[in-house]
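Residues per chain are reported as follows:
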Amino acid sequence: MLGKTRNKLHKQMYKDFGNIYKVDTADDFYKWFYEVVNTTNSERRGYYLFTEENTDAIEEVTEIAQLKNTDNTLVVKIKMFKF
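Residues numbered from 1 in each chain as written. Predicted model: local features only at pLDDT ≥ 70, side-chain atom pairs only at ≥ 80, totals over all residues. Heavy atoms only, no water.

1. Observations regarding the overall build of the protein chain
Along the backbone of the protein chain there are 3 helices and 2 strands. Compactness check: the protein chain gives a C-alpha radius of gyration of 21 Å against a globular reference of 12 Å for 83 residues, more than 25% above the reference. Across the 83 residues that make up the protein chain, the buried fraction comes to 7%. Pairs at least 24 residues apart make up 16% of the contacts formed inside the protein chain by residues separated by at least 6 positions. Looking at the protein chain, you have 13 positive and 13 negative side-chain charges, and the mean spots of the two groups are 7 Å apart. (Helix = DSSP H or I, 4+ residues; strand = E, 2+ residues; numbered from the N terminus. Rg over C-alpha atoms; globule rule 2.2 N^0.38 Å. Buried < 20%, exposed > 50% of the residue type's maximum accessible area, 1.4 Å probe, protein only. Contact = heavy atoms within 4.5 Å. Lys, Arg positive; Asp, Glu negative; His and termini not counted. Charge placed at Lys NZ, Arg CZ, Asp CG, Glu CD.)

2. Describing the environment of lysine 79
With respect to the helices and strands, the residue lysine 79 is situated in the segment after helix H3 (45–50). Counting along the chain gives 32 residues from lysine 79 to tyrosine 47, while the straight-line C-alpha distance between them is 34 Å.

3. Some thoughts on the pattern of salt bridges
Per the stated rule, a full pass over the model turns up 2 salt bridges. When the shortest N-O distance is used, the salt bridge between aspartate 27 and lysine 31 registers 3.5 Å. With aspartate 27 and lysine 31 both in helix H2 (residues 26–34) and 4 residues apart, this pair spans about one turn of that helix. The partly exposed category is assigned to aspartate 27, whose relative accessible area is 46%. Exposure remark for lysine 31: the relative accessible area of 54% places this residue in the exposed category. A salt bridge links arginine 45 to glutamate 35; the shortest N-O distance between them is 2.7 Å. With arginine 45 in helix H3 and glutamate 35 in the loop between H2 and strand S1 (36–38), this residue pair connects regions lying 10 residues apart in the sequence. Assessed through its relative accessible area of 5%, arginine 45 is described here as buried. (Salt bridge = Lys/Arg side-chain N within 4 Å of Asp/Glu carboxyl O.)

4. Here we look at a nonpolar patch on the surface
Taken together, the side chains of Phe29, Tyr30, Tyr34 and Tyr47 present a nonpolar region at the surface, about 410 Å² in accessible area. For the nonpolar patch, the leading source of residues is H2, giving 3 residues. We classify tyrosine 47 as partly exposed; its relative accessible area is 40%. (Patch = residues over 30% accessible without salt bridge, like charges linked within 9 Å, V, L, I, M, F, W, Y side chains within 5 Å. Areas by Shrake-Rupley, 256 points an atom, 1.4 Å probe, with all protein chains shown as cover.)

5. Here we look at the layout of surface pockets
Rolled over the atoms, a probe with the dimensions of a water molecule shows which regions are left empty. Quantified by volume, the largest pocket comes out at close to 770 Å³. Lining the largest pocket are 23 residues, with Glu59, Glu60, Val61, Leu67 and Val75 sitting closest to its centre. Considered class by class, the residues forming the lining of the largest pocket number 10 nonpolar, 6 polar and 7 charged. (1 Å grid on protein atoms, 1.4 Å probe; cavity = no way out; pocket = protein on both sides within 12 Å on 5 of 7 lines; lining within 4 Å. Points joined across faces, edges and corners; volume = space filled by probe spheres on them. Nonpolar A, V, L, I, M, F, W, Y, C, P; charged D, E, K, R; others polar.)

Structure (structure tokens):
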């Protein structure tokens, strides 16, 4: 995105989004969406801009008392095999 501003938040937003005015075709969009924006972890623009990291997606429960709030939760019992 091209733009001139003194606002630091807007400058970062322009940097994060890149030049969206170059996106004319679906192929251009895919290139824009999948462009690597963070070289330390190879994070791609679309994932960086439009997703949130889910840090509590998996939780090991060893006792029933740990199941406090199960709203919006799927509890799965998996039998552990011993070899």
